[in-house]
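Observations on the model geometry
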Amino acid sequence: MLFDVAIIGGGPAGSSCAAFCALAGLRTAVLDREKFPREKVCGDCLNPSCWPVLERLELAQRVRDLPHSMLNSVAFIAIDGYEVILDLPSGANCEISVKRSLFDDLLLRRAGELGADVHEQTTVTGLTRNHGWKIETASGRMLHARMLIGADGRNSTIAHLCNLLPLPARERVALQAHIPRPRNFGNRIALQFLPEGYSGQAPVNESELNLCLVGTPPTISTLRKWAQRQFDLPSNQAWRTVTPLTRSPVSSAHQNLFFIGDAARVVEPFTGEGIYYALRSGELAANAIAKILRGDDRNSALREFHRAYAEMYRGRLWINRLSRAAVLRPRLGSLFVHIARTNPSILKLLTGKIVSSTNSSFRANGSVVKAATQPSKLSGRGQASIPP
Ligand SMILES: Cc1cc2nc3c(=O)[nH]c(=O)nc-3n(C[C@H](O)[C@H](O)[C@H](O)COP(=O)(O)OP(=O)(O)OC[C@H]3O[C@@H](n4cnc5c(N)ncnc54)[C@H](O)[C@@H]3O)c2cc1C
């Protein structure tokens, strides 16, 4: 089997890249070790920046047709229960939350519709470089491709096989589950600092809430017990888990080899932007590969790729670093929430930078809400508004 491009990983990065490569007329294969639909450790929130890429894939309406929640606000909750609530952009291109099983399956099917060869339950285990690439899979099958794309996530096998995977910082671990949606939760994202880490919560449909917990290996069981009490979860609640939450980036373009999405750069989950970077970097790599394979000047195609790739992150990475600093020291993060109570402009600025999109109006009203000092279950928590 000889392909122009073999893409390893069928998450948002790999499927987006496969769809754009197939659209450009390239013989494209996408390989994923899982059988789709499959869930994934994620907050399930789609940043509004995703919409233009989804439009170009003619998928925006089909994403809106999936069960989802339209998110109208984000609540930052300090350790002592104080909350600052900011409005999110409204309109058709607002932030939504949708289960990754549904979203990723739609994207992978779209790549197939556009002509990509989709190989599920196909784990890549070996690589040989010889002009192009020889790709070995766990079942013993071989594929040959002129270009190889590592879109296989934060623990990228491709980066590992090429001796490019940085040592992971095993400082934190994330747990995630879909649980029954508490009554009166509303259509909001809650980002809650806790003494041992933080929790992210977002409704994904009428009946389910996405619950994420992020802590260190020694504290994660305390966070799990907190979640059991807070949301009345059974003691045998099943959790999905992932680590690391942070690692150094891998350079995205090499000789006949690209890395995209988390395989290239892992961003702090707190800001909920990883899916956007995955979709967009997939599109950018596909554009560059199409130019190179049809014989355009390789150097100028790569220059254009590097410029657009850097542009994608411009003005956003410092917010990522700031968020990481806050979540690594939850008391500092909580202090920030208290400061934002009297001066919400900095939080408005940061949130606006993360969620603003060209087609929606960001309206951060900075409404400030003081929660009960000892918050009871989220479903019945009393709140009193304080004028900003
Ligand atoms: C706790 C948490 C919360 C998050 N919340 C959000 C959020 O709300 N919004 C947001 O935008 N981002 C969020 N993110 C980030 C987001 O999940 C990632 O950035 C996104 O999934 C990256 O997509 P990707 O396609 O690069 O990788 P992935 O989605 O990880 O896909 C990689 C694919 O590669 C496959 N694969 C791996 N190894 C192999 C192999 N050897 N052979 C074949 N296939 C292989 C895997 O099966 C997988 O399907 C969160 C992350 C975490 C940890």
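Summarised in this report is the structure supplied together with it. (Residues numbered from 1 in each chain as written. Predicted model: local features only at pLDDT ≥ 70, side-chain atom pairs only at ≥ 80, totals over all residues. Heavy atoms only, no water.)

A look at the overall build of the chain
Rules: Strands are runs of DSSP state E lasting at least two residues, helices are runs of H or I lasting at least four, and both sets are numbered from the N terminus onward. Radius of gyration means the value over C-alpha atoms here, while the globule rule gives 2.2 Å times the residue count to the 0.38 power. Throughout, exposure labels follow a simple rule: accessible area from a 1.4 Å probe, protein chains only, divided by the maximum for the residue type, with under 20% read as buried, over 50% as exposed, and the rest as partly exposed. For this analysis, residues touch if any pair of their heavy atoms sits within 4.5 Å. Here the Shrake-Rupley method, with its probe set to 1.4 Å, supplies the accessible areas, and only the displayed protein chains count as covering residues.
Tallying secondary structure elements over the chain gives eleven helices and 20 strands in all. Radius of gyration (C-alpha) of the chain: 21 Å, near the 21 Å computed for a compact globule of 388 residues. Along the longest, intermediate and shortest principal axes, the C-alpha atoms of the chain span 65 × 45 × 35 Å. The proportion of buried residues among the 388 residues of the chain is 56%. The contacts in the chain between residues at least 6 apart in sequence include a share of 73% that link residues at least 24 apart. When the accessible area of the chain is evaluated, it comes to approximately 16,100 Å², of which 52% is carbon and sulfur surface.

Here we look at the site of the ligand
Where we set the bar: If even one non-hydrogen atom of a residue comes within 4 Å of a molecule or strand, that residue is called near it. Here a polar contact means two N or O atoms within 3.5 Å. Within protein one must be a hydrogen donor candidate and the other an acceptor candidate, and residues neighboring in sequence count only if both atoms are side-chain atoms.
Lining the immediate environment of the ligand, one finds 35 residues, of which Asp32, Gly43, Cys45, Asp262 and Ile275 sit closest. In this structure, a nitrogen atom belonging to the ligand sits 3.1 Å away from a main-chain N or O atom of arginine 33. A distance of 2.8 Å is found between an oxygen atom of the ligand and a side-chain nitrogen or oxygen belonging to aspartate 262. Burial of the ligand by the protein chains amounts to 96% of its free accessible area of 1,000 Å².

Concerning the pairing of strand β11 (residues 142–150)
Our working definition: Should DSSP find at least two bridges between two strands, the strands are taken to pair.
The pairing of strand β1 (residues 2–8) with β11 spans six bridges and is parallel. Within β11, the residue paired with isoleucine 8 across the bridge is glycine 150. As judged from the four bridges shared by strand β10 (residues 132–137) and β11, these two strands associate in the antiparallel manner. Bridge pairing links lysine 134 to histidine 144 in β11. In this structure, the hairpin formed by β10 and β11 is closed by a connection of four residues, where glycine 140 is found at a positive phi of approximately 90°. Bridge analysis of β11 against strand β18 (residues 257–259) gives three bridges, and the strand direction is parallel. The partner of isoleucine 149 across the bridge, within β18, is phenylalanine 258.

Side note on the sheet that holds strand β7 (residues 96–97)
Within the open sheet, the three strands sit side by side as β3-β7-β4. Their pairing is antiparallel. The sheet terminates laterally at β3 (45–46) and β4 (69–70), the two strands that pair on one side only. Sheet analysis places β4 next to β7, joined by two bridges and oriented antiparallel. Note that in β7 the partner of methionine 70 across the bridge is isoleucine 96.

With respect to the pattern of salt bridges
So the rule is basically this: Basic side-chain nitrogens of Lys or Arg form a salt bridge, by our definition, when they fall within 4 Å of a carboxyl oxygen of Asp or Glu.
Here the structure, examined in full by the defined rule, presents 21 salt bridges. The salt bridge involving arginine 316 is made with glutamate 273; its shortest N-O contact spans 2.9 Å. In this pair, arginine 316 sits in the loop between α8 (298–313) and α9 (317–328) while glutamate 273 sits in the loop between β18 and α7 (274–293), placing the two residues 43 residues apart along the sequence. Note on accessibility: arginine 316 and glutamate 273 belong to one class, buried. Here the residues in one salt-bridge network are Lys35, Asp105, Arg109 and Glu120, joined through shared partners.

Some thoughts on helix α6 (residues 220–231)
For clarity, the threshold we go by: The span one expects for a helix is its residue count, reduced by one, times 1.5 Å. Relevant arc is that of directions from the helix axis to the C-beta atoms, nothing else.
With twelve residues, α6 should cover 16 Å at 1.5 Å per step; its first-to-last C-alpha distance of 16 Å lies within 8% of that length. If you check which residues of α6 are buried, you get Ile220, Leu223, Trp226, Ala227, Gln230 and Phe231. Along the axis of α6, the buried residues cluster in a sector spanning 110°; they form a single face. In this structure, α6 carries Lys225 and Arg229 as exposed residues pointing more than 90 degrees from its buried face. The inward-facing, buried residues of α6 abut β12 (173–180), β13 (188–194), β14 (197–203) and β15 (208–215). A positive phi of about 55° marks aspartate 232, the residue just after α6.

Details of the pairing of β12
Burial within β12 is extensive, with seven of its eight residues counted as buried. In this sheet, β15 lies alongside β12 in antiparallel orientation, the contact comprising eight bridges. Looking at the pairing, histidine 178 lines up with asparagine 210 of β15. Across three bridges, the pairing between β12 and strand β16 (residues 240–242) is antiparallel. Within β16, the position partnered with alanine 174 by the bridge is valine 242.

Some thoughts on unusual backbone geometry
With an omega of 0°, the peptide bond between phenylalanine 36 and proline 37 qualifies as cis. Locating proline 37 in the fold gives a position in the loop between β2 (28–31) and β3. One non-glycine residue, asparagine 163, lies in positive phi territory at about 55°. Following the sequence through the fold, asparagine 163 ends up in the loop between α5 (157–161) and β12. For asparagine 163, a relative accessible area of 72% translates into the label exposed.

Thoughts on the nonpolar core
The condition that has to hold: Here, the term nonpolar core denotes a set of buried Ala, Val, Leu, Ile, Met, Phe, Trp, Tyr and Cys residues that are joined through side-chain atoms within 4.5 Å.
Grouped together as the largest cluster of nonpolar side chains are 78 residues, with contacts concentrated most on Val5, Leu46, Leu54, Phe103, Ile135 and Phe258. Looking at this core, the element that brings in the most residues is α7, giving 13 residues. Those residues in contact with leucine 54 that lie beyond four places of it in its chain are Leu46, Leu59, Ala60, Val63, Phe103, Leu107 and Leu279. Membership of the second largest hydrophobic core comes to 28 residues, among which are Cys45, Phe76, Leu191 and Ile354.

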